Each structure stands twice: as C-alpha cells, then as structure tokens.
Amino acid sequence: EIGKYIVPIIPDEARTFGMEALFRQCGIYSHVGQLYEPVDSDSLLYYKEIKDGQILEEGINEAGSISSFVAAGTAYSTQGINTIPFYIYYSMFGPQRVGDLIWLAADSRCRGFLVGGTSGRTTLNGEGLQHQDGHSHLLLSSVPNIVCYDPSFAFELAVIIREGIYRMYEKQENIFYYLSVGNENYAMPPMPTNVKEGILKGMYPFQTSEKKNAPVKAVLFGSGAIINQVIKAQKMLEEHYNVAADIWSVTSYVELRRNGLECERWNMLNPTKEKRIPFVTKCLKDKGDVFVFASDNMKTLPDGIAKWVPGTTATLGTDGFGRSESRKALRDFFEVDDRHIVFATLGALHKEGKIKSAAVEKAAKDLNINPNKLNPMVS
C-alpha cells in the first residue's frame, strides 16, 4: 500500500549494491524517457529509463543526490505527500562529502532514510583509503535530529525501518535516519525473543553463554559485520580459556550515548529526585566481570558509553586510514578480529585480578599476538 511512496535514490554503483533488479521492476525516472539503447539491453536486468520511473539515479553526484533526498523528504510539507526516500550510497561518501547538505536536511525537517552501504573500515576490503568508512557514525552523531544505527542482522534492520516509518510518517516526528549496512555475505539468524526494545534503544543480548561452571565471565559486544568476529571469540574463550562469555549486539552507540546524557542532564536538574539510570547501566548490572567492545568504527564510539558501563571495559576499533587488503588481513591489522577480541578479554580479566600473568603470556603466543606490530592509528 505504501510502495508507490518509496523513493529509492542512487548516486552511483547501483550494481555494486545489488540493486540492478530495481531497474527493470521500477524503472529509472527520466522526464524524456530513454532516448538510446543501453549497452545491457540484451541482459535480464537491463538499464531502463522511463517517464514514470520510481528510482532517482543521479550518476556520480552526491550533492545532487542528497538534494533529491531533501526534496523527497520534505514533500510532506511542500506537496502534501509523504514520500519516503531511501538514499543508498557508499557510507564513506556521506557526511564528509555532503555534511553541510545533511545539516540542511536536518534544518528543513526532512524525513527519510540515509543508507550508508559498504560500511566499516575492514568490511569493504580492497578499496583502500578513499572508500573504507569507520567514522560516519561519529560525524553524524553531531546532527541532533538524526537517528543512527549500525545493524548486524536482517531482523535488526527490519525492526529499525518499521520503527522509523512509524515515527516519521505515522507520528510525524521531525527526525531522519542513518543506517550503515555492509557488503559481507553471512548467515542471518532468526530474531531472538523479546529484543525489539533493545534493538531500538541501542543494544540487546544476542547470545547467552551456556558455560555455567566457568570461574570468570566476560560480556562481548559487536556491531555490524564484526559481530561474527565476536561470535568466534566467544567460542575460543569458552573452549580454550575457560571463560564464559555472553554476546550483546550493539545497534547504536549514538542512541545509547544520547540516552546516557539525557539521564545525566535530568539528574543534574533534579538533584532531590530519584536518579534516572542510563539504559547501558540497567542492562549490564551484574552481568559480567569485564566488558569488551569490538567495532568496525573508531574507538570513540564505544568509548562514548564507557562511563556508564558498570565494570572494566576494553575497546577495539578501527582508528586510522583504510587499506587495500583482504578482510582477514585488515581485521588483524586494525586488531578487531577474533584473536584480538580474545586477547583483550584476557587482558581485562588480568587487570581485574581474575587470571594470572602466565595465562595471558601463554595466550599471546597461542594467538600469535604481536605487541610490536604497526600501529594502525598512525601507520
């Protein structure tokens, strides 16, 4: 029923994002139609421009594409039509290229979904400095009315988009969304029970440890494609180091931080009333001995909620330039792979006096951890 109101906007690379099927199904809008024969006209999924097309294919023109997003996202006020734009682009080419126009969208009370495809510093492998994004969430966190999510799984994305349509088009809230999505193929698990609230607020328990007799317990956090490294790390910790580990999926460090700041502000202005407790603190109270965060974004994002975590934290992230390499090599270089997650967990447990130095030193050899490797932040 709402399909005709969806406005897909693509600046370039539609085929890279696997969206070429939309060409034939929906057509690319052109007020003059198609005046030439496309080179792929004999293929199953051919380029098709038509006068009543639904896709806006703007070419390599990020400024023009975000302007189309603003036009579609404000049509409710200028034309009386609630069109729902989805602007899909390389996440690296979002706020750092058209940041001023994203602020214009915010100021214009624009509504819609910015979708940063191929996100993560190590997930778009082989593209190097220009393409590998690990900071779009940090940049967009400065825009007050944009709601940012970094989902790992299809069910998370479905919950978030449904809530976004509800808030923007049913409740008519003056907000818009940023969704970072990746290009790595991996299995999509079924949605756990009772996690919708956590998905929307920023984090939820994805997988609880079945190891009940371990002397120590860690809580591991992942977001985006790095959740798979966390899942591997959980298995290694439990099978080789006798450490029980729960896994939490973090869908939005930005929303978690905003909640924490909102609680702090309320407590400051109402010192005689019962204190409000940040969502992070409520969720993690008595959940583990140490808390380890792994992200394909800069460490600043997890660090932004660390003060509300009730225990020792360790943060792994991707500060530094992008590199042209395989995902495996990139995740080793940026120290966000399963091995480094395991080692960071053991280091945090040692700091808490939960395990001995000899165990950590042996783990460093077993995991092939090199303390003298290049620092990705400055290399």
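Residues numbered from 1 in each chain as written. Predicted model: local features only at pLDDT ≥ 70, side-chain atom pairs only at ≥ 80, totals over all residues. Heavy atoms only, no water.

Further remarks concern the overall build of the chain. Along the chain, the regular secondary structure elements total 14 helices and 13 strands. For the chain, whose C-alpha radius of gyration is 22 Å, the value lies close to the compact-globule estimate of 21 Å for 379 residues. With the C-alpha coordinates of the chain rotated into their principal frame, the extents come out at 75 × 55 × 40 Å. Put simply, 75% of the contacts in the chain that link residues at least 6 apart link residues at least 24 apart. Looking at the chain as shown, the accessible area adds up to about 18100 Å², and 52% of this sits on carbon and sulfur atoms. Positive and negative side-chain charges in the chain, numbering 41 and 44 respectively, have mean positions lying 7 Å apart. (Helix = DSSP H or I, 4+ residues; strand = E, 2+ residues; numbered from the N terminus. Rg over C-alpha atoms; globule rule 2.2 N^0.38 Å. Contact = heavy atoms within 4.5 Å. Areas by Shrake-Rupley, 256 points an atom, 1.4 Å probe, with all protein chains shown as cover. Lys, Arg positive; Asp, Glu negative; His and termini not counted. Charge placed at Lys NZ, Arg CZ, Asp CG, Glu CD.)

It is at 10 Å that the axes of helix α2 (residues 62-73) and helix α4 (residues 95-107) come closest, and there the two elements cross at 10°. Taken together, the axes of α2 and α4 are roughly parallel relative to one another. Seen from α2, the contacting residues are Glu62, Ala63, Ile66, Ser67 and Val70; seen from α4, they are Arg97, Val98, Leu101, Ile102, Leu104 and Ala105. In terms of residue class, the contact of α2 with α4 is made up of eight nonpolar, one polar and two charged. (Axes fitted to C-alpha atoms, helices over the stretch in contact; angles between N-to-C directions. Parallel < 35°, antiparallel > 145°, perpendicular 65-115°, else oblique. Nonpolar A, V, L, I, M, F, W, Y, C, P; charged D, E, K, R; others polar.)

What follows is about the state of the cysteines. For the structure on display, the rule yields zero disulfides. Considering cysteine sulfurs only, Cys110 is the nearest to Cys148, which forms no disulfide, with 14 Å between them. As a non-bridged cysteine, Cys263 has Cys283 as the owner of its nearest cysteine sulfur, 11 Å distant. Residue classification places Cys263 among the buried residues on the basis of a relative accessible area of 9%. (Disulfide = S-S within 2.5 Å. Buried < 20%, exposed > 50% of the residue type's maximum accessible area, 1.4 Å probe, protein only.)

Between the first and last C-alpha of helix α13 (residues 338-351) there are 20 Å, a value that for 14 residues agrees with the 20 Å anticipated at 1.5 Å per step. With ten of 14 residues buried, α13 is to be regarded as a mostly interior element. Listed in full, the buried residues belonging to α13 are Asp338, Arg339, His340, Ile341, Val342, Ala344, Thr345, Leu346, Ala348 and Leu349. Phi turns positive one or two residues past the end of α13, at Gly353, with a value near 75°. (Expected span 1.5 Å × (residues − 1).)

Another point: the pairing of strand β5 (residues 84-90). β5 sits mainly inside the fold: seven of its seven residues count as buried. Sheet topology places strand β1 (residues 6-10) next to β5; four bridges connect them, and they run parallel. The residue bridging Ile9 from the neighbouring strand is Tyr87, located in β5. (Pairing = 2+ DSSP bridges.)

Before going further, it helps to examine the sheet that holds strand β9 (residues 203-207). The mixed open sheet is built from five strands, whose spatial order is β9-β11-β10-β12-β13. The sheet terminates laterally at β9 and β13 (312-316), the two strands that pair on one side only. Looking at each pair of strands side by side, their axes are set apart by 25° on average, direction ignored. Pairing analysis gives four bridges linking β9 to strand β11 (residues 243-250), with the strands arranged antiparallel. Looking across to β11, one finds that Met203 is bridged to Val250. Most of the contacts of α13 go to strand β12 (residues 290-294), to which it runs at about 155°, and overall it touches β10 (216-222), β11, β12 and β13.

Moving on to the side chain of Thr251. Position of Thr251 relative to the elements: it lies in the loop between β11 and α9 (253-269). Judged by relative accessible area, which is 0%, Thr251 ranks as buried. Only 2.7 Å separates the side chain of Thr251 from the backbone oxygen of Ile199, close enough to count as a polar contact. Other than its neighbours up to four places away in sequence, Thr251 contacts Cys148, Tyr149, Asp150, Pro151, Glu156, Gly198, Ile199, Gly202, Met203 and Tyr204. (Polar contact = N/O pair within 3.5 Å; in protein donor to acceptor, adjacent residues only side chain to side chain.)

Another point: helix α14 (residues 357-366). The set of residues buried in α14 consists of Val360, Ala363 and Ala364. Buried residues of α14, viewed axially, fall in a sector of 105°; they line one side. Structural note: α14 exposes Ala358, Glu361, Lys362 and Lys365 on the side pointing more than 90 degrees away from its buried face. Taken together, the buried residues of α14 touch α13. Asn368 sits one or two residues past α14 and shows a positive phi near 60°. (Arc of directions from axis to C-beta.)

Attention now moves to the sheet that holds strand β8 (residues 176-180). Read from one edge of the open sheet, six strands run β4-β1-β5-β6-β8-β7, paired in parallel fashion. Of all strands in the sheet, those bounded by a partner on one side alone are β4 (56-57) and β7 (146-149). Pairing geometry for β7 and β8, over four bridges, is parallel. The residue of β8 that forms the bridge with Cys148 is Tyr178.

It is possible for side chains bearing opposite charge to pair when their charged atoms get close. The final tally for this structure, using the stated rule, is 16 salt bridges. For Glu264, the salt bridge identified is with Lys307, shortest N-O distance 3.2 Å. Residue Glu264 is found in helix α9, and its partner Lys307 is found in the loop between α11 (300-303) and β13; the two are separated by 43 residues along the sequence. Look at Lys307 and you get exposed, because its relative accessible area is 53%. Each of Arg167, Lys171 and Glu173 takes part in a single network of salt bridges with overlapping partners. (Salt bridge = Lys/Arg side-chain N within 4 Å of Asp/Glu carboxyl O.)

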